[in-house]
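Coordinate analysis (summary)
Listed below are the residues making up each chain.
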Protein chains: 2
Amino acid sequence: MNFSSKLLEDAVNEFSKLPGVGQKTALRLVLHLLNKEQEEVDHFGNVLIRLRKEIKHCSVCHNISDQHTCNICTAGKREKELICVVEDTRDVMAVENTGQYFGVYHVLGGLISPMDGIGPSDLFIDSLVQRVATTPVKEVILALSATMEGDTTLFYLYKRLKDFQIPITTIARGIAFGGELEYADEITLGRSIVTRVPYQNSLIK
Amino acid sequence: MNFSSKLLEDAVNEFSKLPGVGQKTALRLVLHLLNKEQEEVDHFGNVLIRLRKEIKHCSVCHNISDQHTCNICTAGKREKELICVVEDTRDVMAVENTGQYFGVYHVLGGLISPMDGIGPSDLFIDSLVQRVATTPVKEVILALSATMEGDTTLFYLYKRLKDFQIPITTIARGIAFGGELEYADEITLGRSIVTRVPYQNSLIK
C-alpha cells in the first residue's frame, strides 16, 4: 500500500500484526479511530500500555488478575478442594458463565503441542502437581478442548497426577444440546453411546 | 462476560468499540497483546496516541498527510490541472495503486447520505468549488463508488461544477476485467452496452 503519511502507515502496521487483521481491515480501523475524539483515542492507547505493564497473574491458579491472588481463589464461598484445570483465561470465563461450577481453577497457559514447540515445561503443570501435593484436593477436573493437543495434555496430566490417589475426571463429551444426531460426526456419536448415562442423570437440574 | 481483571475488561471494551470487532474477537486480540513484549505493546499504544494528535490533512486536497501540504500536491511531476475527486484516503490509495493516474486529488471526506445525516456542508465540497474557481483546472474526474450515496454526490457535484465550463468526467462503469457476462447484474450489463466504446479504446496499454 502507498500511504500518504508515515504515522498512518505505522498505525496500520501495528494493527495488522494482530491475529486475523489484514492491511485493509487495519486501515479501516485506523481511519475509524481518526474520526474519534482525541481523548477517546488517548484512552485506548493508555489502556493498552497499562494493560501490559500492570496486569498480574494469580499466584495460585495463574489466571489473569489485578491482584496477587485472584478473586476466585480468595472467595470464601468457593470450594478450594475442587480444582478445574483449563487452558487459558477464556476457558475460565466460559466455565464461570455456565453458573454450574463452584470450585477453583488452575490455568495451564496453553496445551502441549510439539508442532508449536510447546512442551510440559512451558505450561504451569509443575505448579499444579505442587498444588495437589501440598494442599488438600478432593478432585481434579480436566476441562480441556477435545482436540489433539487437548488429548495429549490430558494424557500427560493424568500420568503426573494419578499417583496422588484422588479422583481425576474430564468434562463429558457427547452430542451438544440442540444437536441433531444425523449431523453428528461418527466418533462423537460412537463415544456418546459407549459412555451413555442413566436417564435420570442426564436431566438438567 | 465475567472478567477476572478490570484492566483486561477495559482493554476488551476499547477493542470492541472498533467496527466489526465483537467481545470475543476483542478478548482474543487483548490476550495476543498480553503475550507480546512490553516494548511492543507500548509502541502500539504510543502510535495510536500520536496518530490522532499529530496527523494532518493536506490544506489543498484534504488527504491525510504528515505535512501541511501532502506529497502528491507538492510533487513536481503531477499534473496539477487534473483533479480526481474521491471519497476518502482509501480511494486515493486505490487509484495510486493502479499506476494509471498522474493528476492530483480532492478528498471529500465522505459521500452525501441523508440517511446518515451527512449533507454537502459536512464534506469538502465548497473547497473543491473554490479550487476550481481560483486555480486553472483542465478536467475534474469524479471517482466515486457506484452506490446510491455515490450517485447522489455525483449529481450534486455536477450541478455545482457545470457552470465552470470544464470537462467533468466519471470513471467508467461496466463489466470488471475477468468478469463473466452471465454473472453480471442486468443494470451493469445494460449500461455497459449503452456506453460501449470503440474496440481500439478498450485495450489495456
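Notes on the structure in this doc start here. The model shown is predicted, which means the values in this text are computed figures rather than measured ones. (Residues numbered from 1 in each chain as written. Chains lettered and ligands numbered in written order. Predicted model: local features only at pLDDT ≥ 70, side-chain atom pairs only at ≥ 80, totals over all residues. Heavy atoms only, no water.)

**Things to note about the pairing of strand β5 (residues 139-142) of chain B**
Residue and element names in this part refer to chain B. Note the threshold: Between any two strands, pairing holds if DSSP finds at least two bridges. In this description a helix means any DSSP run of H or I spanning at least four residues, a strand means any run of E spanning at least two, and both kinds are numbered starting from the N terminus. Looking down the strands as they point away from the viewer, one classifies a crossover as right-handed if the path from the first strand across the helix to the second runs clockwise.
Bridging between strand β3 (residues 79-86) and β5 involves four bridges; their strand directions are parallel. If you follow L82 over to β5, its bridge partner there is E139. The sheet contact formed by β5 and strand β6 (residues 168-170) spans three bridges and is parallel. Counted as the bridge partner of V140 is I168 from β6. Regarding topology, helix α7 (residues 148-161) serves as the crossover connection from β5 to the parallel β6, and that connection is right-handed.

**Considerations on the packing of helix α2 (residues 23-34) of chain A against helix α5 (residues 89-98) of chain B**
Angle between the axes and distance between the axes: these two values describe a pair of packed helices. Counted only if it meets this: Here an axis means a line fitted to C-alpha atoms, over the contact stretch when the element is a helix, while the angle between two N-to-C directions is reported on a 0 to 180 degree scale. In what follows, a contact means two residues having at least one pair of non-hydrogen atoms within 4.5 Å. Any residue outside Ala, Val, Leu, Ile, Met, Phe, Trp, Tyr, Cys, Pro, Asp, Glu, Lys and Arg is labelled polar, Gly included; the first ten of those are nonpolar and the last four are charged.
Their axes nearest at 11 Å, the elements α2(A) and α5(B) cross at an angle of 145°. Counted together, A:L27, A:R28 and A:L31 of α2(A) and B:T89, B:R90 and B:M93 of α5(B) form the full contact between these two elements. Each residue belonging to the contact of α2(A) with α5(B) can be placed in one class, and the counts come to three nonpolar, one polar and two charged.

**Regarding the pattern of salt bridges**
Put simply, the rule reads: Counted as salt bridges are all cases of a side-chain nitrogen of Lys or Arg within 4 Å of a carboxyl oxygen of Asp or Glu. In this scheme, a residue with accessible area under 20% of its type's maximum is buried, one over 50% is exposed, and one in between is partly exposed, where area comes from a 1.4 Å probe on protein chains only.
For the coordinates displayed, the defined rule picks out 16 salt bridges over all chains. Measuring nitrogen to oxygen at the nearest pair gives 3.2 Å for the salt bridge that ties A:E79 to A:K138. Pair noted here: A:E79 is in strand β3 (residues 79-86) and A:K138 is in the loop between α6 (126-134) and β5 (139-142), with a separation of 59 residues, a long-range link. Classification of A:E79 by relative accessible area gives partly exposed; the value is 38%. Taking relative accessible area as the criterion, A:K138 reaches 48% and is therefore assigned partly exposed. B:D151 is the partner of B:R173 in a salt bridge, and the nearest nitrogen-oxygen pair spans 3.0 Å. Separated by 22 residues along the polypeptide, B:R173 in the loop between β6 and α8 (186-194) and B:D151 in helix α7 bring together distant segments of the chain. The class for B:R173 is partly exposed, based on a relative accessible area of 37%.

**Examining unusual backbone geometry**
In this structure, A:H62 takes a positive phi of about 70° despite not being glycine. Topologically, A:H62 is positioned in the loop between β1 (56-57) and β2 (64-65).

**Things to note about the packing of aromatic side chains**
Quick reminder of the rule: Stacked, edge-to-face and tilted are the three classes for Phe, Tyr and Trp ring pairs, Trp counted by its six-membered ring, which pair at centre distances within 6.5 Å; planes under 30 degrees apart are stacked, over 60 edge-to-face, the rest tilted.
This model, assessed by the stated rule, comprises four aromatic pairs over all chains. Ring centres 5.1 Å apart and planes at 85° place the aromatic pair A:F44 and B:F15 in the edge-to-face group. Note that A:F44 is positioned in helix α3 (residues 38-54) and B:F15 in helix α1 (residues 6-16), a pairing that runs across two chains. We classify A:F44 as buried; its relative accessible area is 2%. A relative accessible area of 0% places B:F15 in the buried class.

**Describing the interface of chain A and chain B**
Here is the rule: Take the accessible area each of two parts loses on contact, using a 1.4 Å probe, and add the two losses: that sum is the buried area.
Between chain A and chain B, the residue contacts involve 52 residues of the former and 52 residues of the latter. In this assembly, chain A packs against chain B so that about 5,200 Å² is buried in total across both faces, 68% of it on carbon and sulfur atoms. For chain A, the biggest contributors to the area lost against chain B are A:L7, A:R52 and A:M93; these three give 14% of the whole. There are zero salt bridges connecting chain A and chain B. Contributing elements (two or more residues each) for the side of chain A that touches chain B: α1 (6-16), α2, α3, β2 and α5 (89-98) of chain A.

Just distances and angles here, no functional claims.
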